[in-house]
Structure formats: structure tokens, C-alpha cells
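Coordinate inspection notes
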Amino acid sequence: MEKSDSDILSKFLAEKREKDKEVKKIIILYSSSSSGIKDIKDILNIENVQIKYLGSSQFSVSMIAKDFKNAENLVNEAIKEIEKRAKEKKADFELKEKI
């Protein structure tokens, strides 16, 4: 009996894998210049993160990884880069806090 229980347990642990963690933050980005759409496309051209348009100048910046801290660091670095580029292009940037 003990062997079959341990076999079942080891089989269960082998099948169970660690789920990927997703970090998602929402930003607001808009520009009132005549080349605003081009500026926003240039600002949001960031690799290693997924950026989606949510509507009303809101974008989600997300990253999926096995390690939560690593994913959060990459998202935060991407947001800092977006903020820097927005200042260079004179676009309005805001990090929306989750409620």
C-alpha cells in the first residue's frame, strides 16, 4: 500500500508544474501634437513586454514569466523607458494605480 501511495504522490508532483506569473500595469499616454499617433507608436515600441490598447488613451503593459519578481522588474523597466520617451516627445504620461 505505501508504495502505491508514494507512486501516486510522486506522479502527481511530476505532473504538477509551476504556473506562469503575469504582471500587468496600466498606463495613460496621450499626445496633442499633430504627429501624436506616430509619437505614441514610437514611445510604445518596447521589446520583451506585451502592450495592448485598452481605449481612452489607456494601455496595459504586461509580462508573463515563471518568476514574479523578474517579470515585475521587466515591466517596471519598460514603464520607466516609456516615461522617458514620453518626456522627450512631450507626451502626457501617467501610471494608473490599481484600485
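Refer to the structure printed above.
Residues numbered from 1 in each chain as written. Predicted model: local features only at pLDDT ≥ 70, side-chain atom pairs only at ≥ 80, totals over all residues. Heavy atoms only, no water.

**Regarding the overall build of the protein**
Put simply, the rule reads: Only runs of H or I of at least four residues qualify as helices and only runs of E of at least two qualify as strands under DSSP, and these elements are numbered from the N terminus. Burial status follows relative accessibility: with a 1.4 Å probe on protein chains alone, a residue under 20% of its type maximum counts as buried, one over 50% as exposed, and anything between as partly exposed. Any two residues whose heavy atoms approach within 4.5 Å at even a single point are treated as in contact.
Assigned secondary structure in the protein consists of 3 helices and 4 strands. For the protein, the N- to C-terminal ordering of α and β elements is α-β-α-β-β-α-β. Within the protein, the proportion of its 99 residues that are buried is 27%. Restricting to contacts in the protein with at least 6 residues of sequence separation, those with at least 24 account for 68%.

**What about the sheet that holds strand 3 (residues 58-65)?**
Our working rule: DSSP calls a pair of strands paired once it identifies at least 2 bridges connecting them. Under this scheme, a helix contributes an axis fitted over its contacting stretch, all axes are lines through C-alpha atoms, and angles between N-to-C directions fall in the 0 to 180 degree range.
If you trace the 4 strands from one edge of the open sheet to the other, you get 2-3-1-4, paired in antiparallel fashion. Sheet topology places strand 2 (50-55) and strand 4 (92-96) at the edges, where each strand pairs with a single neighbour. The average angle at which neighbouring strand axes cross in this sheet is 30 degrees, direction not considered. This element, helix 3 (residues 68-88), spans strand 1 (21-30), strand 2, strand 3 and strand 4 of the sheet and lies at about 10 degrees to strand 1.

**A look at the environment of Ala91**
Summarising the element assignment, Ala91 is placed in the loop between helix 3 and strand 4. Among all residues touching Ala91, those that are not within four sequence positions of it are Leu29, Tyr30, Ser31, Ile43 and Ala86.

**With respect to the side chain of Ser31**
Relative to the elements of secondary structure, Ser31 occurs in the loop between strand 1 and helix 2 (36-43). Each residue touching Ser31, except ones within four places of it in the same chain, is listed here: Gly36, Asp39, Ile40 and Ala91.

**Re helix 2**
Condition: As used here, the arc belongs to the directions running from the helix axis to the C-beta atoms.
By the burial criterion, the buried members of helix 2 are Gly36, Asp39, Ile40 and Ile43. The buried residues of helix 2 all sit within an arc of 95 degrees when viewed along its axis, so they share a single face. For helix 2, the exposed residues lying more than 90 degrees away from the buried face are Ile37, Lys38 and Lys41.

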